[in-house]
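Spelled out, the chains give:
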Amino acid sequence: HLSIRRQRQMCIRDRNVIADLRRLQASALAQLHCDADDDSLSRAHDDAWAIDATHDLVFIGCQAGMYNANVVAFVVADGQLRQTQPLRLEVANAPAVSDEESSFVLSRLGWPRFDARHGRLVETTLFRGAADCGHAASWRWDGQAFQIETLQLQRSCVGGESGDWPVIWRSAGGPAHVAREYG
């Protein structure tokens, strides 16, 4: 767990870190088709946390719409904003989310949440408002990177219960149904 002093430092720094990272990563955010408008609803999803003593997780709001909101996530090591790159979460040998990829890759996280106490990063993306298709995943921080715990993916929208998507990947101790538990 983080010290009270470190938690307070993060609260004070959050706004500056987010603004600085948004400025430094403007071209990367544009390549990911993020909203350019500073008054965009996506800004409501900006956030930052201390992962451990030397790493921070920063969410930069990217897009917000009717049933989805997404962010671009960054892991900042030792406050080195200039060396930070957008987080790209991949699951080898898992089906791709889109036809542009050959495997499961996320550059933007839908409705993300971070549980600092457990080091768990969770996201849920709906492909349509009925929530009968989409993906949900959880990753756990191992001290160096986020490692996949659970991945659910339903590419085809065929009706059915909200979040009742097939589990594609699950590690020991990972949530059984991310879409229902965290969605």
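(A) Summary view of the sheet that holds strand β8 (residues 120-126). Pairing is antiparallel across the open sheet formed by five strands, whose spatial order is β7-β8-β9-β10-β11. Single-partner strands in this sheet number two, and they are β7 (113-115) and β11 (167-170). Shown here is a sheet whose adjacent strand axes are inclined to one another by a mean of 15 degrees, direction ignored.

(B) Inspection of the side chain of Asn-70 at higher detail. Here Asn-70 is to be found in strand β3 (residues 69-77). Exposure remark for Asn-70: the relative accessible area of 12% places this residue in the buried category. In this structure, Asn-70 is in contact with Gly-61, Cys-62, Gln-63, Arg-108, Leu-109 and Gly-110, ignoring residues within four places of it in sequence.

(C) Layout of the pattern of salt bridges. Evaluated as defined, the whole model comprises seven salt bridges. Arg-23 serves as the salt-bridge partner of Asp-20, at 3.7 Å between the closest nitrogen and oxygen. Here Asp-20 pairs with Arg-23, and both are found in helix α1 (residues 4-24), just three residues apart, close to one helical turn. Accessibility expressed as a relative area gives 53% for Arg-23, which makes it exposed. One salt bridge connects Arg-128 with Asp-132, and the closest N-O pair in it is separated by 2.6 Å. When its relative accessible area of 4% is taken as the criterion, Asp-132 is described as buried. Overlapping salt bridges bring together Arg-88, Glu-90 and Glu-101 as one network.

About the criteria used
- Residues numbered from 1 in each chain as written.
- Predicted model: local features only at pLDDT ≥ 70, side-chain atom pairs only at ≥ 80, totals over all residues.
- Heavy atoms only, no water.
- Pairing = 2+ DSSP bridges.
- Helix = DSSP H or I, 4+ residues; strand = E, 2+ residues; numbered from the N terminus.
- Axes fitted to C-alpha atoms, helices over the stretch in contact; angles between N-to-C directions.
- Buried < 20%, exposed > 50% of the residue type's maximum accessible area, 1.4 Å probe, protein only.
- Contact = heavy atoms within 4.5 Å.
- Salt bridge = Lys/Arg side-chain N within 4 Å of Asp/Glu carboxyl O.

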